[in-house]
Amino acid sequence: MSTPVGTPRLEAASERANRRRGLLLALPSYVYLIVLFAIPLVFVGVYSFASRSRTGKPELADWNLDAVAKLLDSTVLQIAWRSTWLALLNTVLCLLVAYPFAYYIATRRERVRNMLLLLVMIPFWTNFLVRTYAWRVLLDSDGLVTRLGEGLGLWGSMLFSAPAVFLGLLYGFLPFMVLPLYAAIERVDWSLVEAARDLYASGWKAFRRVTLPLTRPGIIAGSILVFIPSLGAYVTPDILGGAKTTLLGNYIVGQFLAARNWPVGSAVSMAILIVMLIATTVYFRSGGRTF
Amino acid sequence: MTAIAVGIHSVTKRFDEVVAVDDVDLEISDGEFFSLLGPSGCGKTTTLRMVAGLEFPTEGRIDIFGEAMGLKPPNHRPVNTVFQSYALFPHMTVAENVGFGLAMRKVPATEITERVHDAIDLVRLTGMADRRPKQLSGGQQQRVALARALVNRPKVLLLDEPLGALDLKLRQAMQLELKDIQKEVGITFVYVTHDQEEALTMSDRIGVMNEGKLLQVGRSEEIYERPANRFVADFIGETNFLSGRVEESGVVRLAGGQLVRAVTHDPVGTEVTLTLRPEKIHLYLRAGDVAPGMNTLTGTVHRRLYYGDSLYYEIDFGFAHVDARVENAPRQQRFEPGHEVIAAFSAQSAEALAE
Amino acid sequence: MTTRRAAARSLPGGRRPLVQRVLALNAWAVYAFFYLPIFILMFFSFNAGRFVTIWEGFSLDWYRVMFANEPLMKALRTSVVVAIVSTIVATVLGTAAALALERYRRWLGKRTFDALLYLPVIIPDVTMAVMLLIFFATVDLNRGLNTIILSHVAFNISFVSIVVRARIAQMDATLEEAAADLYASRWQAFRRVTLPLIMPGVLGGALLAFTLSLDDVVITQFVQGPGTSTLPVFVFGLIKRQVTPEINAVSTLMLVASMVLVFGSLLLQRRR
Ligand SMILES: Nc1ncnc2c1ncn2[C@@H]1O[C@H](COP(=O)(O)OP(=O)(O)O)[C@@H](O)[C@H]1O
Ligand SMILES: [Mg+2]
C-alpha cells in the first residue's frame, strides 16, 4: 500500500500482495507437511544405510549397504512377488466386478440411482478393520462360509491362507473401485454412445470404442486407489493370513515391531515407495493403457 | 461545469502477452449514462473491472471524483457493479442479497430493512424478497443484481452487459426501465455492451472500443453520423464503403472516376473510404426528380430484399455495389431488378475516412 | 430422462434383455457381498453364547461386557479425542491449503506444495507409519497421544484439501468479487460468501478425515506410546488373541457410528 498512487507497477504491487496471501494461507500446512512428511521421508532413506543396534533405535554410524542388499534376499523377493501378484489380481478382479456394477447403477433412473449409490456409500465409509473382521468370522473353521463350502463339498476352512487374504482384499477395496468408476460412467454423454451405435451397429463395439475410452479416467483412479493399499496391505493379511502368506506390509511391520531391524524395514519401505511412484507415474502418463 | 465522475488516464492493462486495454484516456461526467461499446474481447469488461478495483492497471491511473484510486480494493471504492452473470449469492434470499452491501457497511438494521424494501420496489420485485435467486427468472435475477448495487447509492454504477442473457422483448423493456431508473436516481452509469442499438438508444455518450483501444467517444448521433474511422462506421449500424481519393477539400474522386462532394478531413491526394449509410441514399428513376445540390450516381438494381418495414436495393455502380434502404411507405416508388436508377445523397451524409 | 433410456439401449448387447439381466444379477450379487458379512457380524453381537459362529439365543450380555471393559473404553475415548482433534486441525489447515491452491496464483513454491500435498494420498500406510516412527524416534519425541494426533493430521490434511478443492473449483469466483464490490473485507467475503458455499466440501472433507482417523491401525500402532491405544488398534489386538462376540459388539458400535455420520452428513447436504 506504500506504492504512490498513479505510478506504474501498481499492478505488480497488487500481484505481489496476492502471492503473499496465497503463500501465507498455505504456509501452516506447508510447514507441517515438510516437518511431518518430507523430513521423515528423508529419514527413512537415510536409515536404509544405517546399522542395526540391539536397543531398536539404530545407530547413525557405520553406514553400510547391508539392508539394501537384503532386498535381494530370496525371502524378501518371494514376499514382494506374492504381494505384487495379489495386489494386481485384486485390482483386476475389482475392476471386472465393479465396472458392470457401477454401469448398472449409473444407468438407472435418478431416484433408483441415488438409492443404489447410498448403498455403496455405506460399506465405503464403514470401518476397514470391522469389515475385515467380518470375514475372519465367516472363514473360521465353523464359520458360515466354511460350513457352506463343506455342505457343497467344495472347500473347507480358508482362514490363514492366500485365498482368505485375497477375499479380504477384494472385500476391503472393492468400494474404492466402484466410486470413481461410477463418477466416470455417470458423466458419459450418452448421445455419443447413441451415435456410435448408429455407426458401429454392434452394441459391444460401441461400448469398447466409445464408453470404455470415455470412462478411462475412472478406471485409472480406481485402479490406483485399489492397487496401492493392496500392495501395502497389513491388516488384512495379518488377520486372515498365516505365516505362509506374509505380505510386504507384515514384513515391514515385523522388522520394526518384532525383529527390531529398522534399516531393513526402512529399505523395504523405500523400495515399495519407489516402485509405487514409478508405477503410478507410468500408469498416469500412458493413460492407463490396460485396454 | 459538471464534475468528472470517472477519470481514466493513459490506462493500459496487460495479461501476460495479451494487451486487454491499450492506452485508454476517458473522462465520464457526473450523472452521465455512458456506454462502452465494442465487440466481444475488446477490453470492455477489463476496463470496468479496473474502475471497480477488481483489477489494477498495468500502467496509468484511475480517478473517481478526482480521487486517485491507486491500489484501493473494491470495498473501499464508491462504486458498485452489476455483473454480467449477476453473481447473486445463491445461499441468500433476495432481501439478503440486496441488503448485503448495507450490512457490510454496518448500516443499522432498521434502515437496512427500509432501504432494501425501497430498492426491491424500485426494480419492481415487490413480494419476492424471501425467494432465493434460483427461484427467479433471468429477468428477475437481473433486477435483483441491479437493486443490490443501487441500494448502496454508489457514486458510480458499473454495469457489465446486464441485459446480455435476456431475450429480445425483455431486453427492450429493460432498456427503457434502466434508463428511467438512472434518471430517477441520478447516478453516473457506466454501461458495457456489445449491442450497438442498446448503446445508441440508452446512452448520453458512447465510447467505442476495439482490440483494447478506445476509438471514438461521442453522443449517439456523433458516433453514428460522424464515425471517426472505418471500424466505428462498420460496427455501428449498417454502412456502405466506397473507396476514392481527396480531389480538393470537400470533394472526393471515387474509384469509378465520378466526383462527389463529401465531408473530408484529410489533405488533397489522400486515399480515403467514403462511408454512406443505406438510409441516406435516395433512389430515383429520372434525374429531374433529384433535389438540387445532391450527389448522384447512376447504377442498376441488382437485387431487392424485402424486410417488411423497409426494402433494401443492392445497386451496381460498376466499380462498387451499394445497399440502399427505402421505407416501405405508401405511394413509395418500387424498383425492379434490372432497372436503371439514380442514387442521390447529400454531401453531409458521406464521410471521407482515411485508411 | 431420455438420456437414461438411451443409455439402457446403448448397453453392450443393446436391446437384448440378457445383458440387462446379467448386469442386474451382478449388481445384486455385489450388494449381497457387501452387506451379508456385515449383517452376520452384527447378528452375532447379540449371541448369548461365547462363540461368534454358533447361535445360542439372544442377549445383550456382550454389550455389557464391552462397556465394562475399562481398557477398551479408554481406547474408545482416546480414539474419539484423536479423531476430533486431528479432524479439526486437518480441516482448518487443509481448507486453507485448498484456498491457496485454487484461488491464488503463482505464489512461491506452489507447485512443490501441490506435489507434497498429493504424496500422503498415494503412499501406503505402512510406509507412512515407518517414516513417522523413525522421525519421532530420531527427534526423541515421547510417543503417546501427541504423536498419534500429529500423525493423523499429517495424512488427513491432504484428503481434506482434495475434497475442499473440488468444491472450490465448482464455485463461481465472481461471487467473491461481488462481495468485495459490496464493501465486504477479505475476511467478511470469506465468512459470509465463500465459506457457506464451500461448506458441503469442508464438511465432506472433515467426515473423510474423521473416518480415516478412526480407520487407522498401522500408523497408530507405530507411533502410539504405552497405554495410549486407539480403539481400532486395541480391537486389532483382541482379534489376534481370541474372537468373542464382544468384538462383534464393538464392531456393531463402530458400524452404527459410521452410518450415523454418513446419514447425518447427507441430511446436512440435502438441507443446503
Ligand atoms: N484474467 C485474464 N487473464 C488473461 N487474459 C484476460 C483476462 N481477462 C481478460 N483477458 C483477455 O483480455 C481481452 C479483453 O477481455 P474483456 O475485457 O473480457 O473483453 P470484453 O469484455 O470486451 O469482451 C481478451 O482477449 C481476454 O481474453
Ligand atoms: Mg465482457
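Trainee: I keep staring at helix α6 (residues 125-138) of chain C and nothing clicks. Help me out?
Mentor: Residues spaced three or four apart along an α-helix point in a common direction, a consequence of the helix completing one turn every 3.6 residues. Along its 14 residues, α6(C) runs 20 Å from first to last C-alpha, staying within 8% of the 20 Å computed at 1.5 Å per residue. Regarding α6(C), the residues found buried are C:Val126, C:Thr127, C:Met128, C:Ala129, C:Val130, C:Met131, C:Leu132, C:Leu133, C:Ile134, C:Phe135, C:Phe136 and C:Ala137. As for α6(C), its buried residues are in contact with α1 (10-47), α12 (248-257) and α13 (262-285) of chain A together with α5 (110-122), α7 (145-170) and α10 (218-223) of chain C. Backbone geometry just after α6(C) places C:Asp140 at a positive phi near 60°.

Trainee: Would you mind showing me how to read the packing of helix α5 (residues 128-138) of chain A against helix α11 (residues 231-241) of chain C here?
Mentor: To describe two helices that pack against each other, one gives the angle between their axes and the distance between the axes. Between α5(A) and α11(C), the shortest axis-to-axis distance is 11 Å and the interhelical angle comes to 10°. Taken together, the axes of α5(A) and α11(C) lie roughly parallel to each other. Along this stretch, α5(A) crosses α11(C), giving a crossing that reads as left-handed. Between α5(A), through A:Leu129, A:Tyr133 and A:Arg136, and α11(C), the contact on the second element is made entirely by C:Pro232, C:Val235, C:Phe236 and C:Ile239. Its residues placed into classes, the contact of α5(A) with α11(C) shows six nonpolar, no polar and one charged.

Trainee: How do you make sense of the nonpolar core when you look at a structure like this?
Mentor: The nonpolar side chains of soluble globular proteins are, as a tendency, buried together. Core analysis: the biggest nonpolar cluster contains 207 residues, and A:Phe101, A:Trp135, A:Val235, B:Phe89, B:Phe100, C:Val193 and C:Phe222 have the highest contact counts within it. When residues in this core are grouped by element, the largest group, 15 residues, is from helix α7 (residues 162-186) of chain A. Those residues in contact with B:Phe100 that sit more than four places away from it in its chain are B:Phe89, B:Met92, C:Ala179, C:Leu182, C:Ala184, C:Arg192 and C:Val193. Counting 34 residues, the second-largest nonpolar core is a separate cluster that includes B:Phe33, B:Leu150, B:Ile187 and B:Tyr191.

Trainee: Looking at this structure, how should I read empty space enclosed by the protein?
Mentor: Sizing a probe to match a water molecule and rolling it over the atoms shows the empty space that remains. Throughout the structure, instances matching the rule amount to two cavities of 30 Å³ or more. The calculated volume of the largest cavity comes to roughly 60 Å³. Lining the largest cavity are eleven residues, and of these A:Leu10, B:Pro57, B:Ile62, B:Met69 and B:Gly70 lie nearest its centre. Counting residues per element, the lining of the largest cavity draws most heavily on strand β4 (residues 59-64) of chain B, which supplies three residues. A per-class count over the lining of the largest cavity returns six nonpolar, three polar and two charged. Roughly 40 Å³ of volume is contained in the second largest cavity.

Trainee: Is there a simple way to think about the packing of helix α2 (residues 94-104) of chain B against helix α4 (residues 138-150) of chain B in this case?
Mentor: Residue and element names in this part refer to chain B. Remark: α2 packs on α4, axes separated minimally by 7 Å, with the N-to-C direction vectors making an angle of 30°. Relative to α4, the element α2 is oriented roughly parallel. Crossing of α2 against α4: the hand is right-handed. Between α2 and α4, the contacting residues are Val-94, Asn-97 and Val-98 on the first element and Val-144, Ala-147 and Arg-148 on the second. Broken down by class, the residue content of the contact of α2 with α4 amounts to four nonpolar, one polar and one charged.

Trainee: Would you take a moment to explain a nonpolar patch on the surface for this structure?
Mentor: Residue and element names in this part refer to chain C. Taken together, the side chains of Val-80, Val-81, Ile-84, Val-85, Ile-88, Val-89, Val-92 and Leu-145 make up a nonpolar region of the molecular surface, amounting to roughly 580 Å² of accessible area. Looking at which element gives the most residues to the nonpolar patch, the answer is helix α4 (residues 70-103), with seven residues. Relative to the elements of secondary structure, Val-80 occurs in helix α4. The exposure class assigned to Val-80 is partly exposed, which follows from its relative accessible area of 36%.

Trainee: I would appreciate a short explanation of the domain arrangement of chain C in the present structure.
Mentor: Many descriptions give the size of an interface as the accessible area lost when the pieces come together. Residue and element names in this part refer to chain C. Domain boundaries in chain C define domain 1 (2-44) and domain 2 (64-270). Summed over both partners, the interface of domain 1 with domain 2 comes to about 480 Å²; 75% of that surface belongs to carbon and sulfur atoms. Counting the surface domain 1 buries against domain 2, the share from its top three residues, Leu-41, Met-42 and Phe-44, is 82%. The tally of links from domain 1 across to domain 2 stands at zero salt bridges. Counting every contact that joins domain 1 to domain 2 gives one residue pair in polar contact (both at pLDDT 80 or more). Taken together, the residues of the side of domain 1 that touches domain 2 break down into four nonpolar, no polar and no charged.

Trainee: Looking at this model, I keep getting lost on unusual backbone geometry. Mind explaining?
Mentor: Trans is the prevailing form of peptide bonds, just as negative phi is the prevailing case for residues other than glycine. Residues and elements named next belong to chain B. Backbone geometry at Ala-87 places phi at a positive 50°, although glycine is not the residue there. Note that Ala-87 resides in the loop between β6 (79-82) and α2. When its relative accessible area of 2% is taken as the criterion, Ala-87 is described as buried. A positive phi angle, near 65°, is found at Arg-331, a position not held by glycine. Within the secondary structure, Arg-331 is located in the loop between β18 (321-327) and β19 (340-345).

Trainee: I keep staring at the site of ligand 1 and nothing clicks. Help me out?
Mentor: Residues and elements named next belong to chain B. Around ligand 1, the structure places Phe-15, Val-18, Ala-20, Pro-39, Ser-40, Gly-41, Cys-42, Gly-43, Lys-44, Thr-45 and Thr-46. Separating an oxygen atom of ligand 1 from a backbone N or O atom of Gly-43 is a distance of 3.0 Å. Protein coverage of the free-state accessible area of ligand 1, which is 560 Å², stands at 60%. Looking at the shell around ligand 1, the elements with two or more residues in it are β2 (18-29) and α1 (44-52). Per-element accounting of the shell around ligand 1 gives the leading share, three residues, to α1. A per-class count over the shell around ligand 1 returns five nonpolar, five polar and one charged.

About the cut-offs
- Residues numbered from 1 in each chain as written.
- Chains lettered and ligands numbered in written order.
- Predicted model: local features only at pLDDT ≥ 70, side-chain atom pairs only at ≥ 80, totals over all residues.
- Heavy atoms only, no water.
- Helix = DSSP H or I, 4+ residues; strand = E, 2+ residues; numbered from the N terminus.
- Expected span 1.5 Å × (residues − 1).
- Buried < 20%, exposed > 50% of the residue type's maximum accessible area, 1.4 Å probe, protein only.
- Contact = heavy atoms within 4.5 Å.
- Axes fitted to C-alpha atoms, helices over the stretch in contact; angles between N-to-C directions.
- Parallel < 35°, antiparallel > 145°, perpendicular 65-115°, else oblique.
- Left-handed = near helix turned anticlockwise from the far one by under 90°.
- Nonpolar A, V, L, I, M, F, W, Y, C, P; charged D, E, K, R; others polar.
- Core = buried A, V, L, I, M, F, W, Y, C linked by side-chain atoms within 4.5 Å.
- 1 Å grid on protein atoms, 1.4 Å probe; cavity = no way out; pocket = protein on both sides within 12 Å on 5 of 7 lines; lining within 4 Å.
- Points joined across faces, edges and corners; volume = space filled by probe spheres on them.
- Patch = residues over 30% accessible without salt bridge, like charges linked within 9 Å, V, L, I, M, F, W, Y side chains within 5 Å.
- Areas by Shrake-Rupley, 256 points an atom, 1.4 Å probe, with all protein chains shown as cover.
- Salt bridge = Lys/Arg side-chain N within 4 Å of Asp/Glu carboxyl O.
- Domains from an automatic or database assignment.
- Buried area = accessible area lost by both parts, 1.4 Å probe.
- Polar contact = N/O pair within 3.5 Å; in protein donor to acceptor, adjacent residues only side chain to side chain.
- Near = heavy atom within 4 Å.

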